[in-house]
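Here is how the chains run, residue by residue.
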Amino acid sequence: MKNKILIYTIVALAVFLVLPITPTIGGLIDKTKAPNATNEGINKSLKDEIGAGRGSITTPKSSLFIINRDPFRAIRRGRQLFQRKFTREEGQGPGVGDGKGDVHTDIEIGAGLADSCSGCHSRPRGSAGFGGDVVTRPDSRDAPHLFGLGLKEMLADEITADLRSIRDKAISNAKSGSHPVTLQLTSKGIDYGTITANLNGSLDSSHVEGADTDLRIRPFFAHGGTVSLHEFIIGALHGEMGIHTYDPDLDKASSGGKVTTPSGMVLDGSTDKIEVPSAKMGHPQKEGAANEMDYSVVDYLEFYLLNYFKPATYKQTETTLRGRQVFKQILCSTCHIPNLRIDKDRRVADVETVYDPGNGIFNGLFATAIPLFDTKDDGKGMPPLKTPKLKPFLVENIFTDFKHHDLGPNFHERNYDGTIRKLFLTTALWGVGSTAPYGHDGRSINLTEVILRHGGEAQASRDAFAILDRDDQTALFDFLNSLVLFPPDDTASNLDPGNRSAPGFPQFGHGRVNLSVLFNDPTDLE
């Protein structure tokens with residue numbers, strides 16, 4: 001693996017030296033529509049990004065072709081679509097109901113209207129980060145960062161499979177035996193309570209803990225409401241940008257069928273309720289269907305977020321190490337579990353970003369891209385297939401248990417219909433040092449306040465924190481503040497280490513996570 005990393009680094013450096021430097025920022029303009037003296041913006045028109053639509057792995061310029069044969073271009077194209085400022089002629093706006101309707105049943109009315117995914121997810125600069133606020137509930141919801149989102153989807157899906165396998169085993173054992181069977185529900189070291197199967201095949205799910213009774217772990221939204229990136233993306237395009245997209249995968253799965261998305265996520269409508277936006281999203285050839293965007297756009301966005309970088313680790317010291325121990329000592333790690341292992345990683349690369357002031361430029365951070373794919377010539381006379389290795393991967397410093405918890409009335413949330421939501425997913429703490437204010441609603445102004453806000457199931461940990469001496473509290477904060485996000489286009493990496501001697505440094509030559517050097521044709525920029 002070390003030799004392979006070295007080879008990629010050398011190739012990346014060689015290509016980088018002959019490529020123009022085009023740093024980018026959030027909310028990007030389309031250079032084909034708005035040319036400018038600095039040559040900033042997206043290189044390709046939306047028409048060129050859509051290309052041949054979804055197509056197939058043998059259809060050049062289609063999403064399936066590029067995802068499978070030129071995956072780093074697919075990731076970069078997804079990034080450019082994420083940052084793109086969509087126009088009215090491209091389908092953007094108005095919002096759901098144009099702000100009018102029954103918000104009791106259609107909370108998307110409160111979502112507001114953006115012209116780019118980066119309108120809600122943009123901090124740090126140019127990243128799929130945090131920063132937006134939507135009033136889909138009376139007390140609002142802060143838009144979370146999307147770093148490591150694909151890792152969360154894979155972990156949740158594997159936990160679901162484990163729990164359902166245990167459930168099915170209980171049913172089988174009960175049917176073949178003479179008494180009900182109760183089994184412990186555990187996955188990846190996380191305890192989800194127990195489930196009991198009766199002789200007739202019925203289930204007692206009253207002792208399931210932290211999960212819905214269907215045992216599906218839904219990792220998206222603060223309350224755990226959505227199964228997949230695919231649904232999340234289509235819902236956001238619809239709810240936050242007013243862009244309606246017919247998607248055949250979602251159409252089939254929501255009708256009880258089973259599909260695998262271009263990014264490898266299995267959606268099975270026979271076992272899960274698959275979400276479809278509230279507006280009519282039927283087949284585009286049927287009367288009354290809303291369809292404003294080719295679904296290849298969804299393919300690229302899904303592949304981008306599947307492979308999106310995990311957060312970084314800032315400077316580690318004796319104090320931060322002590323803080324990690326304090327975190328464990330006051331039992332925060334009971335719910336905020338540090339590390340979880342994926343059995344089959346569907347990504348094509350990992351990016352490890354750490355504090356390295358010798359090589360880092362902005363923020364002292366340096367990123368190392370590590371390939372996770374196999375290359376295969378399928379005899380089609382086309383670029384070889386580049387498919388994920390599907391090997392295990394240890395997800396470090398994620399700090400979550402993917403369970404629902406009641407943290408007491410300080411975290412409860414009002415809904416427009418007058419009901420109160422009490423259960424929320426354990427927030428993954430990676431990136432927490434960059435994402436104030438805190439809480440699903442952004443009400444807590446700093447780490448002290450959000451910790452003291454805890455109650456309910458976390459009351460004991462909250463009280464233990466409150467009586468820590470100053471040194472231990474300081475160590476804890478230093479540790480949490482070392483879990484950071486980073487701006488990929490401003491972070492030096494083995495794909496572009498930067499050049500401190502470059503003219504105009506550091507505006508130029510500061511380095512970046514430059515996936516373009518891994519394209520089949522690095523001179524054809526996105």
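Rules and cut-offs
Residues numbered from 1 in each chain as written. Predicted model: local features only at pLDDT ≥ 70, side-chain atom pairs only at ≥ 80, totals over all residues. Heavy atoms only, no water. 1 Å grid on protein atoms, 1.4 Å probe; cavity = no way out; pocket = protein on both sides within 12 Å on 5 of 7 lines; lining within 4 Å. Points joined across faces, edges and corners; volume = space filled by probe spheres on them. Helix = DSSP H or I, 4+ residues; strand = E, 2+ residues; numbered from the N terminus. Nonpolar A, V, L, I, M, F, W, Y, C, P; charged D, E, K, R; others polar. Core = buried A, V, L, I, M, F, W, Y, C linked by side-chain atoms within 4.5 Å. Buried < 20%, exposed > 50% of the residue type's maximum accessible area, 1.4 Å probe, protein only. Contact = heavy atoms within 4.5 Å. Phe/Tyr/Trp six-rings, centres within 6.5 Å; stacked < 30°, edge-to-face > 60°. Lys NZ or Arg CZ within 6 Å of the ring centre and 35° of its normal. Axes fitted to C-alpha atoms, helices over the stretch in contact; angles between N-to-C directions. Parallel < 35°, antiparallel > 145°, perpendicular 65-115°, else oblique. pLDDT = per-residue confidence, 0-100. Salt bridge = Lys/Arg side-chain N within 4 Å of Asp/Glu carboxyl O. Pairing = 2+ DSSP bridges.

Draft legend 1. Representation of empty space enclosed by the protein within the structure. Under the counting rule described, the total for this entry stands at 5 cavities of 30 Å³ or more. Size it by volume and the largest cavity reaches roughly 140 Å³. What lines the largest cavity is a set of 17 residues, and nearest its centre among them are Phe72, Ala349, Val351, Ala369 and Leu515. Secondary structure elements with two or more residues in the lining of the largest cavity: helix H4 (71–83), strand E12 (349–355) and strand E13 (365–371). Of the residues belonging to the lining of the largest cavity, the class tally is 12 nonpolar, 2 polar and 3 charged. As a volume, the second largest cavity reaches approximately 100 Å³. Every residue lining the second largest cavity is counted, 13 residues in all, and those nearest its centre are Arg76, Arg79, Phe309, Pro488 and Asp489. Here the lining of the second largest cavity takes 3 residues from H4, the largest share from any one element. Of the residues belonging to the lining of the second largest cavity, the class tally is 7 nonpolar, 3 polar and 3 charged.

Draft legend 2. View of the nonpolar core. Ranked by size, the top nonpolar core spans 85 residues in total, and within it Phe72, Tyr192 and Phe402 carry the most contacts. Contacts of Phe72, omitting those with residues within four sequence positions, involve Val348, Ala349, Phe373, Leu515, Leu518 and Phe519. Formed by 19 residues, the second largest nonpolar core is a distinct cluster that contains Phe411, Leu476, Phe477 and Leu480.

Draft legend 3. Main features of the packing of aromatic side chains. Counted by the stated rule, this structure contains 14 aromatic pairs. Summarising the aromatic geometry, the rings of Tyr304 and Tyr308 are spaced 5.2 Å apart at their centres and angled 65 degrees between planes, so their arrangement reads as edge-to-face. There is no split in this pair, since Tyr304 and Tyr308 are both buried. With centroids separated by 4.9 Å and ring planes inclined at 70 degrees, the aromatic side chains of Tyr314 and Tyr355 adopt a geometry described as edge-to-face. Residue Tyr314 is found in the loop between strand E10 (312–313) and helix H9 (318–329), and its partner Tyr355 is found in strand E12; the two are separated by 41 residues along the sequence. Three or more aromatic residues joined by ring pairs form one cluster here, namely Phe82, Phe147, Tyr304, Tyr308, Phe309 and Phe486. In this arrangement the basic side chain of Lys403 is found over the ring face of Tyr192, its NZ or CZ atom lying 5.7 Å from the centre.

Draft legend 4. Broad picture of the packing of H9 against helix H12 (residues 470–481). Packing of H9 against H12 leaves a shortest axis separation of 7 Å and a crossing angle of 100 degrees. When the axis of H9 is compared with that of H12, the two are roughly perpendicular. Contacts from Thr319, Thr320, Arg322, Gly323, Arg324, Val326 and Phe327 in H9 reach Asp471, Asp472, Ala475, Leu476, Asp478, Phe479 and Leu480 in H12. Among the residues forming the contact of H9 with H12, the class breakdown is 6 nonpolar, 3 polar and 5 charged.

Draft legend 5. Seen up close, the confidence of the model for the chain. Chain-level statistics for the chain give a pLDDT mean of 91 and a share of 92% at 70 or above. In the model, residues 279–289 has pLDDT below 50 throughout and makes 17 contacts with residues more than four positions away in sequence or in other chains.

Draft legend 6. The arrangement of the pattern of salt bridges in detail. Per the stated rule, a full pass over the model turns up 42 salt bridges. The salt bridge involving Lys33 is made with Glu89; its shortest N-O contact spans 2.9 Å. Taken together, the residues span a long stretch of sequence, with Lys33 in the loop between helix H1 (2–16) and helix H2 (46–50) and Glu89 in the loop between H4 and strand E1 (121–123) at a distance of 56 residues. The exposure class assigned to Glu89 is exposed, which follows from its relative accessible area of 67%. For the salt bridge of Arg77 with Glu526, the shortest nitrogen-to-oxygen distance reads 2.8 Å.

Draft legend 7. Broad picture of the environment of Gly126. Residue placement: Gly126 occurs in the loop between E1 and strand E2 (130–131). With a relative accessible area of 5%, Gly126 lands in the buried category. Residues Gly126 and Asn36, spaced 90 residues apart in sequence, show a C-alpha to C-alpha distance of 19 Å.

Draft legend 8. The arrangement of the pairing of E13 in detail. E13 sits mainly inside the fold: 6 of its 7 residues count as buried. Taken together, the 7 bridges between E12 and E13 define a ladder with antiparallel strand orientation. What sits directly across from Val354, in E13, is Phe366. As judged from the 2 bridges shared by E13 and strand E22 (residues 492–493), these two strands associate in the parallel manner. Pairing of Phe366 across the sheet is with Ala492, part of E22.

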